[in-house]
Amino acid sequence: MTSNQPEPSPELDELYRGFAEELLVPLWTEIGDLMPMSPSPAMRPHAWRWKTLLPLAEKAGELVPVGRGGERRAIALANPGLGGAPYATPTLWAAIQYLGPGENAPEHRHTQNAFRFVVEGEGVWTVVNGDPVAMRRGDFLLTPGWHFHGHHNTSTEPMAWIDGLDIPFVHYTGSAFFEFGPEQVSSTQTPERSRAERLWAHPGLRPVSQTAPAVNSPIAAYRWEHTDAALTDQLALEDEGHPGVVEPGHAAVRFTNPTTGGDVMPTIRAEFHRLRPGAETAPRQEVGSAVWQVFEGTGTVRVGDQEWTVDHGDLFVVPSWAEVTLAAGTQLDLFRFSDTPIFERLHADRVRVGGQQ
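Residues numbered from 1 in each chain as written. Predicted model: local features only at pLDDT ≥ 70, side-chain atom pairs only at ≥ 80, totals over all residues. Heavy atoms only, no water.

In the nomenclature of an unreviewed UniProt entry, the protein is known as Gentisate 1,2-dioxygenase of Amycolatopsis deserti.

Next comes the structure, spelled out in structure tokens:
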């Protein structure tokens, strides 16, 4: 913006002292920061390496107990642009959670919406409002706000996964509530499928007994076998000359709420992307921030002026309106979650792909 500031003078200094005494700030001195020509977030592009995170989580498993008080052995990603806050982005929280053999994470509930994404391993059940849900490699599992939940590891091996929540958004809006539940999980059953899946997870089918729209998806777990099959079919259709992929060599699916067709939770969008070997996405910019995790494969990621080679388990973040491009070396599978639903509800969303809005 062009500069149009008043001439310095003793009178102006006195005016500014008066503003300060009354906790007032004049717009003309702040407008460049408050109203930039395009989004200028404090958060920065950054990448975390799974091969570094996992050993640290394992060490925490040896030294830090899990249970009431500490509640969860979860280690949050702290974006370097957010002043040391334990936030991956201004609205999204991401952490690696680690549970040892036979360990039990006690139940609690909170207004923050949460999910789990499992990049490797199995043997843990999360219990959501009394419904035991198996956690396995590639699964995307929901814990909507104000649902009691705990975890228990039934295996002889530890397990780590990624938690995603809207903690920063809830914190900044001053809307958080938290409540303790039982010390032990309310069910130690280990069914192959949860009750929620048995009722809701049948493709294209909705129980007639459940006709009302729900704020959050009632599906407890979106299983990897279905995600993998959908992505495989999209690329096969491309081979046959039919539509289905987002762009050449790029298949993607969005996890949805079957009662509305919208996002799984009001503040979080979740997707899974697959790139063929050698495929590259068009540069994309979007209002709102996102966290990505490499599920399998290798490739190169460019976010703004940063570039990384990424591998299994690596995580990276994309600030609002930062340009992101993905390039696959091998087949590249990635999980993505974002705060897009917030901006869509505010009618503040905007997307530009390949320089076109």
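So much for the structure itself; the text now carries on.
Our focus in this paragraph is the nonpolar core. Ranked by internal contacts, the top residues of the largest apolar core, which has 46 residues, are Phe115, Phe140, Phe272 and Phe335. With 5 residues, strand 3 (residues 93-99) is the single largest residue contributor to this core. If near-sequence neighbours (up to four positions away) are discounted, Phe115 is found in contact with Phe140, Leu141, Leu142, Thr143, Ile162, Asp163, Gly164, Met265, Ile268, Phe335 and Phe337. Counting residues in hydrophobic clusters, the runner-up holds 18 residues, among them Ala47, Val301, Val324 and Leu334. (Core = buried A, V, L, I, M, F, W, Y, C linked by side-chain atoms within 4.5 Å. Buried < 20%, exposed > 50% of the residue type's maximum accessible area, 1.4 Å probe, protein only. Helix = DSSP H or I, 4+ residues; strand = E, 2+ residues; numbered from the N terminus. Contact = heavy atoms within 4.5 Å.)

The next thing to look at is the sheet that holds strand 3. Remark on secondary structure: sheet strands pair via backbone hydrogen bonds, oriented parallel or antiparallel. One open sheet accounts for 6 strands, arranged 2-3-10-5-8-12; its pairing is antiparallel. Each end of this open sheet is capped by a strand with a single partner; those strands are strand 2 (74-76) and strand 12 (221-222). As paired strands, strand 3 and strand 10 (residues 159-165) are joined by 7 bridges and run antiparallel to one another. In the strand pairing of strand 10, Ile96 is matched with Ile162. Each of strand 2, strand 3 and strand 10 touches helix 3 (residues 50-63); the most contacted strand, strand 3, lies at about 50° to it. (Pairing = 2+ DSSP bridges. Axes fitted to C-alpha atoms, helices over the stretch in contact; angles between N-to-C directions.)

Take helix 1 (residues 10-21) next. Between the first and last C-alpha of helix 1 there are 17 Å, a value that for 12 residues agrees with the 16 Å anticipated at 1.5 Å per step. Positive phi appears at Leu23, one or two residues downstream of helix 1, with a value of about 55°. (Expected span 1.5 Å × (residues − 1).)

Turning our attention to the sheet that holds strand 1 (residues 46-48). Across the sheet, 6 strands lie side by side as 1-19-16-21-14-13; this open sheet has antiparallel pairing. Taken across any chain shown, the strands that pair with only one partner, and hence form the sheet edges, are strand 1 and strand 13 (250-254). Direction aside, the axes of adjacent strands within the sheet are offset by 20° on average. Where strand 14 (residues 269-275) lies against strand 21 (residues 332-338), 7 bridges are found, and the strand directions are antiparallel. Looking at strand 21, one finds that Glu271 is bridged to Arg336. Sheet strands touched by helix 6 (residues 224-239): strand 13, strand 14, strand 16 (290-296) and strand 21. Its angle to strand 13, the strand with the most contacts, is close to 140°.

Working definition: two side chains of opposite charge can pair if their charged atoms are close together. Per the stated rule, a full pass over the model turns up 21 salt bridges. In this structure, Arg223 engages Asp139 in a salt bridge whose closest nitrogen and oxygen atoms are separated by 2.4 Å. Of this pair, Arg223 sits in the loop between strand 12 and helix 6 while Asp139 sits in the loop between strand 7 (131-136) and strand 8 (140-143), placing them 84 residues apart in sequence. Sharing partners across several salt bridges, the network here consists of Arg254, Glu271, Arg284, Glu286 and Arg336. (Salt bridge = Lys/Arg side-chain N within 4 Å of Asp/Glu carboxyl O.)

The subject of this paragraph is the packing of aromatic side chains. Taken as a whole and assessed by the stated rule, the structure comprises 21 aromatic pairs. With centroids separated by 5.6 Å and ring planes inclined at 65°, the aromatic side chains of Phe115 and Phe335 adopt a geometry described as edge-to-face. Taken together, the positions of Phe115 in strand 5 (residues 114-117) and Phe335 in strand 21 put the pair 220 residues apart, joining distant regions of the chain. In terms of burial, Phe115 and Phe335 fall into one category: buried. Measuring from ring centre to ring centre gives 5.4 Å for Tyr222 and Phe255, while their planes differ by 75°; the resulting arrangement is edge-to-face. Note that Tyr222 is positioned in strand 12 and Phe255 in the loop between strand 13 and strand 14, a separation of 33 residues in sequence. The two residues Tyr222 and Phe255 agree in class, both being buried. (Phe/Tyr/Trp six-rings, centres within 6.5 Å; stacked < 30°, edge-to-face > 60°.)

Time to look at a nonpolar patch on the surface. The grouping of Leu27, Leu34 and Met35 at the surface amounts to a nonpolar patch, some 310 Å² of accessible area in total. Within the element layout of this structure, Leu34 appears in helix 2 (residues 31-34). (Patch = residues over 30% accessible without salt bridge, like charges linked within 9 Å, V, L, I, M, F, W, Y side chains within 5 Å. Areas by Shrake-Rupley, 256 points an atom, 1.4 Å probe, with all protein chains shown as cover.)

What follows covers helix 6. Helix length check: helix 6, at 16 residues, gives a terminal C-alpha distance of 23 Å against a target of 22 Å (1.5 Å per residue), a fit within 8%. Among the residues of helix 6, Trp224, Thr227, Leu231, Gln234 and Leu235 are the ones counted as buried. Along the axis of helix 6, the buried residues cluster in a sector spanning 100°; they form a single face. Those residues of helix 6 that are buried lie in contact with strand 12, strand 13, strand 14, strand 16 and strand 21. Gly241 lies just past helix 6 and shows a positive phi near 85°. (Arc of directions from axis to C-beta.)

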